[in-house]
Amino acid sequence: MKNRAIAILMVIILVSSCDSKSTEYDRSLDFLITNMPGKSSLDSSSVRGNAIFYSTISDYLRKPGISPATGLYELADSLEAIHGKPVVAPSYSKDVDFITPDFLEAHVRKSLDCWRTSSWKDDVPFEVFLRYVLPYRVGTAWWDGAGDFFRRKYSDSLSVWSSLSFSEAAERIAGAVSSGFYSDGQFYREHPYMYITAFENTVKTAFGECNDRNAAIVTALRTFGIPAALNVIPYWGNSNASHFWTEIIGAPQKPLYDNTQQDFHSIEDELISDSFMFKGGTIDDTTGIPREVIVRKNRTVPKIYRKNFEIGRKSLALQSTGPIPPFFRDPGLEDITSSRIVTGTVRVTVPFRLWRKKIAYLCCYEPSSASWIPVAWGKIRFGRAVFRDVGVNVLYMPAVYGNAGISTFSDPFILHSDGRAERLPGKSAVTDSLTIFSKVPLKTNFAYYAMLMRGDRILVADKPDLSDTTLLFSIDEIPYYTQERILPKPVKARYLILHTGASDPKFVAEFECWGRDRDGRPCKWNGIPIGNPCFPKYPLRNAFDADPLTYSYLDKTSCHVGWIGLDLGCKRVIDKISFCPRNDDNAIVPGDDYELFVWHRGKWESLGRQTGGADRRLHFGNLPQDGLYRVHNHTRGRENRPFTVSDGKQIWW
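Residues numbered from 1 in each chain as written. Predicted model: local features only at pLDDT ≥ 70, side-chain atom pairs only at ≥ 80, totals over all residues. Heavy atoms only, no water.

Visitor: Would you take a moment to explain the environment of Thr246 for this structure?
Guide: As for its placement among the helices and strands, Thr246 is situated in strand β4 (residues 243-248). Sequence separation between Thr246 and Asn542 is 296 residues, and the spatial gap between their C-alpha atoms is 38 Å. For Thr246, the contacting residues outside a window of four places in its chain are Asn214, Ile217, Val218, Leu221, Ala228 and Ala229. A distance of 2.9 Å separates the side chain of Thr246 from the side chain of Asn214, its partner in a polar contact. (Helix = DSSP H or I, 4+ residues; strand = E, 2+ residues; numbered from the N terminus. Contact = heavy atoms within 4.5 Å. Polar contact = N/O pair within 3.5 Å; in protein donor to acceptor, adjacent residues only side chain to side chain.)

Structure, rendered in structure tokens:
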């Protein structure tokens, strides 16, 4: 019946729209109805199982003084113990099957009234209103009560916002939603049944992932008559995720982003949302980090799309007659790449056997399966696929798509700033030798956390009040992952201390000591952790658990000086000390089993296995200069990124 009612309403609107005097109301209804086909939304009943979890979390997050970073995990574990893990089976329904004419008409009236009465109406032409204010959904996020919810929540602020300029009001509204929204990807990985939920839960709880946060921001902005859109990078060029952000339509455009590595100094430096890997501080000196190691500062962008409600005539979903990747099935995708980043055009030769595919893709590397994610498409004509407006300084892999998924058909290549496509067939007769330090690049945040240990001091003492401390050494350089120091002369002491000084935040992943037992044999000394209080989720014991991925996070709110240590129980002979900053455990680990691969003839081919050496390095020779490589740790961990070799260095992509 709903389908039929909407169809009748559509006929009425189409007839009235032929009249030159058709109203804004008629045109608005026409816009929604004619762009509704092909759209589906989450059936909230299919994920009802996690609703009580979100309801409880919502109440919890409203309590004053609550720290979501620590309490959410404990709360979820408690709910699991009481209710068990909820069963969710997400399913989607076509909008034309559940959206009612009554809802559409009421939504249009509210949207028009808000737009007409807003103080920034003159900044929002009617055509912009149609595309970026009127739509009742953002991507697949939809809740019929979202508008009323935001009007109630921000009713006290509306009078202030209305007195501001268009851009100032937009920033205030977006900031209000964003600042109260909490995201934690690790939480969803540990509690996957929470990942997909009704948009009502997301909005009321103000808790979700990157796309959830931005869907809420866009919905709130539109509720108050400000045009906004959801932009998406299908996959970063050199990082392991997609990315969403909100764009306020009509806001001043920033200069084009060129995908080069830059230091972060202020928010004005960020030309694309989240392109900096870390904005919490700067690294003033890299002394201590091996010169062959390049610190990765920025994420690179291959393509940017806008997720519109309006059906795009140029979208792949409307042009392709065969199977296409899930991301491109959205008929509202609009390619806006060339207006945001520096781009180039690439032409790739396609084998004759694949001409019938009609469409080819450029992909970026996906590490968990060592495979490829499509980010751009181009039509195959006369044996070539043309890809326009793709980001420079990015690694790409040409491929086609079918029922079995992505199939590569050519060599990977790097699109350089000058428009040159450097192919990487992995078969050059000219070879390089390489010392491998890690299986992923050193990211800015971990380099920064390591830098915070510079200046820390290692001491020993015998008295319980530590009044007789003796300095062994200071950490004068940035520690690159785990560092070991053999003492010039063994010392005998009961207490081992790492004095962290006044810098903040302060993280310690590992702190250990070795010596000799009564028989003179090397041994690791264990003891009781001592030191300043730590945040509950990052307790003191983490620094002594032999796990480099866990760390202590010192809570220095009640003290001016930070320190941690070990009470060895009695005096012990100490001749070696090791320490490690907060890190990702992706450096080469002594004793672990590693394998080096090169991409050759459509697959990853092994170049041999090595055991991590005592120098925390791998050493390979006779590597083709035109190869694309990756390192896999067979002992533990799955993280990896592809790299090329230049001047004996790993160049990461």
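Visitor: Mind showing me how you'd approach the pairing of strand β3 (residues 228-233) here?
Guide: Within a regular strand, side chains alternate between the sheet's two faces. Buried residues dominate β3, accounting for 6 of its 6 residues. Burial of β3 is two-sided: the residues Ala228, Leu230 and Val232 facing one way and the residues Ala229, Asn231 and Ile233 facing the other way are all buried. Sheet topology note: the β3/β4 ladder contains 6 bridges and is antiparallel. By the bridge assignment, Ile233 is partnered in β4 with His243. Both β3 and strand β6 (residues 305-307) contribute to a ladder of 3 bridges, which runs antiparallel. Counterpart to Asn231 in the pairing with β6 is Arg306. (Buried < 20%, exposed > 50% of the residue type's maximum accessible area, 1.4 Å probe, protein only. Pairing = 2+ DSSP bridges.)

Visitor: Got a minute to help me understand the sheet that holds β3 in this structure?
Guide: The strands that make up a sheet are held in pairs by hydrogen bonds between backbone atoms, and each pair lies either parallel or antiparallel. Judged by pairing direction, the sheet is antiparallel, and its 4 strands sit side by side in the order β4-β3-β6-β7 without closing on themselves. Because the sheet does not close on itself, it has two edges, and the strands there are β4 and β7 (333-335). In this sheet, neighbouring strand axes are inclined to one another by 35 degrees on average, regardless of whether the strands run parallel or antiparallel. Inspection of the sheet shows β6 paired to β7 by 3 bridges, in the antiparallel sense. Pairing of Arg306 across the sheet is with Glu334, part of β7. Sitting on the sheet, helix α13 (residues 210-223) is in contact with β3 and β4, with an inclination near 15 degrees to β4. (Axes fitted to C-alpha atoms, helices over the stretch in contact; angles between N-to-C directions.)

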